[in-house]
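Examining the three-dimensional arrangement
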Amino acid sequence: MNLQNIVFPKIGICTEEDLYFKKLRNDSFYDYENGTLNVVAGDIIRFDSYFNVFLADRWKKYTNISSLALKVRGSGRGTIKVFRYSSFNGMELLKSCDVDLETSGTDISIFSNPEEIYGIIFFEYNAQITSNIVSGEFYCLDNPVNDISLGIVITTFKREKYVKRNMNSLKQYLFSQISNEHLHIYLIDNGQTLPSIQSERITVIPNKNYGGAGGFGRGMLELYLGGKYNHVVFCDDDAVYEPEAFLRLYNFLSLSSNTELCVGGSMLKLDNPKYIYESGARYANLEGSPNKNMLDMSLFSSLVNFNFEEYATYHAWWFFAAPISCVEKLGLPIPIFFQMDDVEYSLRLREKGYTTVELNGICVWHESFQRKSSTATNYYWVRNELIVSMLHNMDISAFAYIKWFTKYFVQSLFVYRYDRARMMLNGASDALKGPDFLIHLDPSKYHQNLLKQQVDKPHDIDKSQVILSKFNRPVRNDKIKKLAMLITFNGMLLPGFLRNKGKNVMDKGYVIEPLQGFRAAANFRKERILYVDVERMSGFIVDRDPKQFWSLLFKLAQMDIRLLLNTRKIRKSYREAYKFMTSIEFWKKYIGL
């Protein structure tokens with residue numbers, strides 16, 4: 001049985017070649033048009049890469065494989081060497097075979113004894129004559145133990161460009177490798193702008209714009225009620241998929257010794273494709289921390305790090321697979337529009353004993369969330385963070401909520417982001433309304449109203465407003481300055497003669513910060529801040545405003561009192577409504593089925 005293919009870079013997906021192979025000589029090259037790796041005589045191609053190493057430890061732990069072999073297709077003559085890296089023995093040479101590559105495939109047996117299967121396995125090809133490598137795979141002699149069928153759920157809202165790109169990619173590279181009965185795509189069209197499609201491969205389902213949570217919940221419900229596919233795979237519509245990820249997932253689950261195993265995909269950075277942003281994450285005390293953050297996956301040392309399984313509390317839904325049977329045990333997502341729905345469901349899975357694993361090559365590339373963030377996003381962040389923590393963290397005190405909320409609220413005030421502070425207040429206020437607010441809310445209309453309330457909306461910035469020497473400039477941040485910032489509420493109590501005056505780009509009172517910057521020290525004693533994404537020349541301007549500052553600070557005190565007095569009661573109400581909010585009965589009515 002095929003376990004994982006040898007993967008090569010693809011135009012439109014990823015051309016960061018070090019993620020796929022390493023070559024010693026520049027005159028060897030990958031021919032993108034014909035899909036062949038051309039190797040000159042004397043060159044050595046190593047496949048010790050993120051997509052092409054075989055993590056034997058991971059496969060051995062979670063599947064029933066008892067053997068391992070390698071097949072390489074191509075033409076030419078050379079030497080194939082198979083290596084294993086492990087913490088026990090370091091780097092070992094396992095096999096060295098002189099081969100004549102054939103288009104039908106050259107086979108090399110690696111392991112026939114299950115006890116030998118461990119470590120990180122990879123191979124290299126040393127060309128004796130000019131050669132071509134076309135394809136290959138790691139495979140085993142074991143038969144599948146599970147009949148796996150994948151229902152891929154992609155929630156989208158007026159992003160036809162991304163949907164078309166991804167469907168074309170899957171059609172070109174994936175559909176021929178998995179049958180219709182074992183893979184189907186459900187496009188949950190929250191914007192109701194996609195053409196109606198009901199084919200053997202793709203189903204478009206018009207849906208109310210109830211956010212990512214509403215779309216994923218609808219897709220999950222469709223799969224469960226339809227009964228044709230036994231696993232749901234959640235994917236973001238604007239992510240870039242490596243088609244091999246779905247095939248590798250299918251093969252992995254087909255051999256899994258745990259029929260309830262979940263698989264979480266890693267997110268690599270779209271603007272820096274070699275780097276992982278997150279591969280699972282921890283969530284505790286209202287804070288999340290990404291695992292494997294900023295690992296350079298072109299380095300073998302990072303693969304060794306990736307092979308270490310870190311504890312993860314949750315896995316995000318840019319790529320996440322779970323058995324659809326979990327609906328019977330856990331229900332559907334909570335109706336919170338977007339943000340934290342994936343965290344909440346992951347917490348539920350963990351509480352019920354489900355295991356989630358990551359595997360190299362099961363991943364997407366995604367744009368930075370900072371670029372996608374708006375001021376309104378902070379409403380959902382605060383509201384949903386409070387709701388999720390009340391559902392799952394019974395030991396968090398009201399004082400912990402107050403400390404968390406006050407920290408980020410004051411941060412907003414200190415950097416003149418008064419609009420963000422207002423959104424945070426609205427989010428906390430709505431969280432304290434309890435579950436009835438969510439149950440009876442029309443989230444689409446509410447979201448539109450939130451967008452209308454936004455003041456700090458990124459817009460095109462004229463280059464005359466930007467001086468790069470002022471952008472994200474180094475600032476003093478010693479203990480004396482921190483004390484002065486604290487005592488004066490970051491300059492709000494300073495008299496005029498101690499402040500930097502002026503609101504024009506050349507004035508000392510004008511500073512330029514990254515669009516998602518929150519450096520209070522950079523804004524101390526300043527009058528105006530331009531927050532800008534310099535690559536896109538998009539941003540907005542905020543001004544020092546003592547009237548708004550003190551008004552919002554007073555409202556913070558009021559909110560802290562509300563959190564102190566109501567946390568226990570509201571937490572209890574969410575717990576009591578939890579089962580109903582995640583039930584099939586509720587969701588049918590919620591989405592209008």
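What this report covers is the structure whose coordinates are included nearby. (Residues numbered from 1 in each chain as written. Predicted model: local features only at pLDDT ≥ 70, side-chain atom pairs only at ≥ 80, totals over all residues. Heavy atoms only, no water.)

**Re the packing of aromatic side chains**
A full pass over the atoms with the stated rule returns 46 aromatic pairs. Between the aromatic rings of Tyr20 and Phe51, the centroid separation amounts to 4.8 Å while the plane-to-plane angle is 5 degrees, which identifies the pairing as stacked. Here the residue Tyr20 occupies a position in the loop between strand 1 (2-5) and strand 2 (22-23), and Phe51 occupies one in the loop between strand 5 (44-46) and strand 6 (54-55), the gap between them amounting to 31 residues. The exposure class of Tyr20 is buried, given its relative accessible area of 0%. Seen from their ring centres, Phe489 and Phe549 are 6.1 Å apart, and the 80 degrees between their planes marks the pair as edge-to-face. (Phe/Tyr/Trp six-rings, centres within 6.5 Å; stacked < 30°, edge-to-face > 60°. Helix = DSSP H or I, 4+ residues; strand = E, 2+ residues; numbered from the N terminus. Buried < 20%, exposed > 50% of the residue type's maximum accessible area, 1.4 Å probe, protein only.)

**Brief notes about helix 5 (residues 300-307)**
Every buried residue belonging to helix 5 is among Phe300, Ser302, Leu303, Phe306 and Asn307, and all of these are buried. Down the axis, helix 5 shows its buried residues gathered within 150 degrees of arc, on one side only. (Arc of directions from axis to C-beta.)

**Focus: unusual backbone geometry**
Positive phi, normally seen in glycine, also occurs at Met294, with a value near 65 degrees. With respect to the helices and strands, Met294 occurs in the loop between strand 21 (287-290) and helix 5. We classify Met294 as partly exposed; its relative accessible area is 40%. In the Ramachandran plot, Met340 falls in the positive-phi region, its phi being about 80 degrees despite a non-glycine side chain. Residue Met340 is classed as buried on the basis of its relative accessible area of 12%.

**Quick notes on the pairing of strand 22 (residues 319-323)**
Of all five residues making up strand 22, five are buried, and the element is well covered by its neighbours. Side-chain alternation along strand 22 places Phe319, Ala321 and Pro323 on one buried face and Phe320 and Ala322 on a second face that is also buried. In terms of strand pairing, strand 15 (residues 231-236) meets strand 22 through five bridges, oriented antiparallel. If you follow Val233 over to strand 22, its bridge partner there is Ala321. Relative to strand 22, strand 17 (residues 262-264) runs antiparallel, the two sharing two bridges. The residue bridging Gly264 from the neighbouring strand is Phe320, located in strand 22. (Pairing = 2+ DSSP bridges.)

**Details of the state of the cysteines**
In the structure shown here, the tally under the stated rule is zero disulfides. Lacking any disulfide linkage, Cys262 is separated from the closest cysteine sulfur, that of Cys326, by 6.5 Å. Under the relative-accessibility criterion, Cys262 is labelled buried at 0%. (Disulfide = S-S within 2.5 Å.)

**Some thoughts on the sheet that holds strand 18 (residues 266-269)**
Across the sheet, which stays open at both edges, the four strands sit in the order 16-24-18-19 with mixed pairing between neighbours. Taken across any chain shown, the strands that pair with only one partner, and hence form the sheet edges, are strand 16 (240-241) and strand 19 (272-278). With four bridges connecting them, strand 18 and strand 24 (residues 363-366) associate as parallel partners. Within strand 24, the residue paired with Met267 across the bridge is Val364.

**A word on the sheet that holds strand 28 (residues 538-543)**
Strand order in the open sheet formed by four strands is 25-28-27-26, with mixed pairing between adjacent strands. Edge positions in the open sheet fall to strand 25 (459-460) and strand 26 (510-514), since each of these has one partner strand only. Here strand 27 (residues 528-533) runs beside strand 28; their pairing, made up of six bridges, is antiparallel. Of the residues in strand 28, the one forming a bridge with Ile529 is Val542.

**A closer look at the side chain of Ser583**
Tracing the sequence through the fold places Ser583 in the loop between helix 16 (546-581) and helix 17 (584-591). Within the local environment of Ser583, its side chain forms a polar contact with the backbone nitrogen of Phe586, the two atoms lying 3.1 Å apart. (Polar contact = N/O pair within 3.5 Å; in protein donor to acceptor, adjacent residues only side chain to side chain.)

**Quick notes on helix 4 (residues 244-254)**
In terms of burial, helix 4 is largely enclosed, as 11 of its 11 residues are buried. Among the residues of helix 4, those classed as buried are Glu244, Ala245, Phe246, Leu247, Arg248, Leu249, Tyr250, Asn251, Phe252, Leu253 and Ser254.

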